[in-house]
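Structural characterization, general
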Amino acid sequence: MAHSSDFHGVFPYLVSPIDERGQILTDVLGRLASDLIKAGVHGLTPLGSTGEFAYLNRAQREAVVQATIEAAGKRVPVIPGVAATATADAVEQAKVYQKLGADGILAILETYFPLKDSQIESYFRAIADAVDIPVVLYTIPQFRISDISLDVIARLCEHPRIRYIKDASTNTGRLLSIMNRVPRMKVFSASAHIPATVMLIGGVGWMAGPACIVPRQSVRLYDLCRAEKWPEAMKLQRDLWRINEAFARFNLAACIKAGLQIQGYPVGDPVPPQAALAPADREAVKVILSDVAKLEMT
């Protein structure tokens, strides 16, 4: 299976370009995906948080995944997000995305009522049992009633297809605990973490929305970390952190969609009831992008 043995590096969380009638703009998505690959990213993740998975229907989600896989053309792995409140729904999504040609699955647990550890574990296990491609666990406690405990992570890692975790907790100490307790589990950070710090302690990369609008700089940061050029990496990280701060301040999809529109990608507005950025906020994103674009790219 192409790419299945090792995911690492920068995986942008793609936006889901959509028009006001709800049609997925597959041509825009394809161009964005191809441009990101040309910029050097190591993989693509449609239907992450920035991809508005919670606001799309089944047909829209499948259109996003299919367009991304077609645009990637096996040049880099595509790891779509699977998210559901019901296990059967998540299993069905994972099977469909594998059929479409996904190289892995990013597994997200949506919860409406709190769940016990054993129930959380069985949800992720069911997804991994349903496919024969690697599964990345996604933990994002600020949006979830139930999160994945260290004990559950350790047990899930015994599953042959669960090899990775993408953690958006902002808690780098928790990442170190995961690495110490479950050395086999490879850790991706989120934009909520400081990616260079996560790389320093043993992370393998990051999956994040901001990489959509600063792909070359993100890849440069990853390369500096891999080369253990920590002073240079931290200087670039400090400069790039302004994008992460903007991302944290505004709605995720609205911020990245505004950034992409500024860069010439007609990706449409976020799905209602979300809304596009206010003009002043959009201007703030524009200023940050123009400053980041001037960063030394040597």
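Cut-offs applied
- Residues numbered from 1 in each chain as written.
- Predicted model: local features only at pLDDT ≥ 70, side-chain atom pairs only at ≥ 80, totals over all residues.
- Heavy atoms only, no water.
- Helix = DSSP H or I, 4+ residues; strand = E, 2+ residues; numbered from the N terminus.
- Pairing = 2+ DSSP bridges.
- Axes fitted to C-alpha atoms, helices over the stretch in contact; angles between N-to-C directions.
- Contact = heavy atoms within 4.5 Å.
- Parallel < 35°, antiparallel > 145°, perpendicular 65-115°, else oblique.
- Left-handed = near helix turned anticlockwise from the far one by under 90°.
- Nonpolar A, V, L, I, M, F, W, Y, C, P; charged D, E, K, R; others polar.

1. Description of unusual backbone geometry
In this structure, the amide linkage connecting Pro272 to the following residue, Pro273, adopts the cis form with an omega of 10°. Unusually for a residue other than glycine, Thr170 sits at a positive phi of about 70°. Looking at the secondary structure, you find Thr170 in the loop between β5 (162-167) and α6 (172-181). Even without glycine at this site, Glu228 takes up a positive phi of about 60°.

2. Comments concerning the sheet that holds strand β1 (residues 9-12)
Strands pair in a sheet through their backbones, by hydrogen bonds, and they do so in one of two ways: parallel or antiparallel. Taking strand neighbours across the sheet as the criterion, the 7 strands line up as β1-β7-β6-β5-β4-β3-β2 in an open arrangement whose pairing is parallel. The sheet is open, and its two edges are formed by β1 and β2 (81-84), each paired on a single side. This sheet shows a mean twist of 25° between the axes of neighbouring strands, independent of strand direction. Here β5 runs beside strand β6 (residues 186-189); their pairing, made up of 4 bridges, is parallel. Bridge assignment links Asp167 to a residue of β6, and that residue is Ser189. Strand contacts of helix α4 (residues 117-130): β2, β3 (105-109), β4 (135-139) and β5, with the helix running at about 155° to β3, the strand carrying the most contacts. Where α6 meets the sheet, its contacts fall on β4, β5 and β6, and the angle it forms with β5 comes to roughly 170°.

3. Description of the packing of helix α8 (residues 215-226) against helix α9 (residues 230-249)
Packed helix pairs are characterised by how far apart their axes lie and by the angle those axes make with each other. The geometry of α8 relative to α9 is characterised by a closest axis approach of 8 Å and an angle of 155° between their N-to-C directions. Here α8 is positioned roughly antiparallel relative to α9, judged by the angle of their axes. Every pair of crossing elements has a handedness; the one defined by α8 and α9 is left-handed. Between α8 and α9, the contacting residues are Gln217, Ser218, Arg220, Leu221, Leu224 and Cys225 on the first element and Trp230, Glu232, Ala233, Leu236, Gln237 and Leu240 on the second. Of the residues contributing to the contact of α8 with α9, the split by class is 7 nonpolar, 3 polar and 2 charged.

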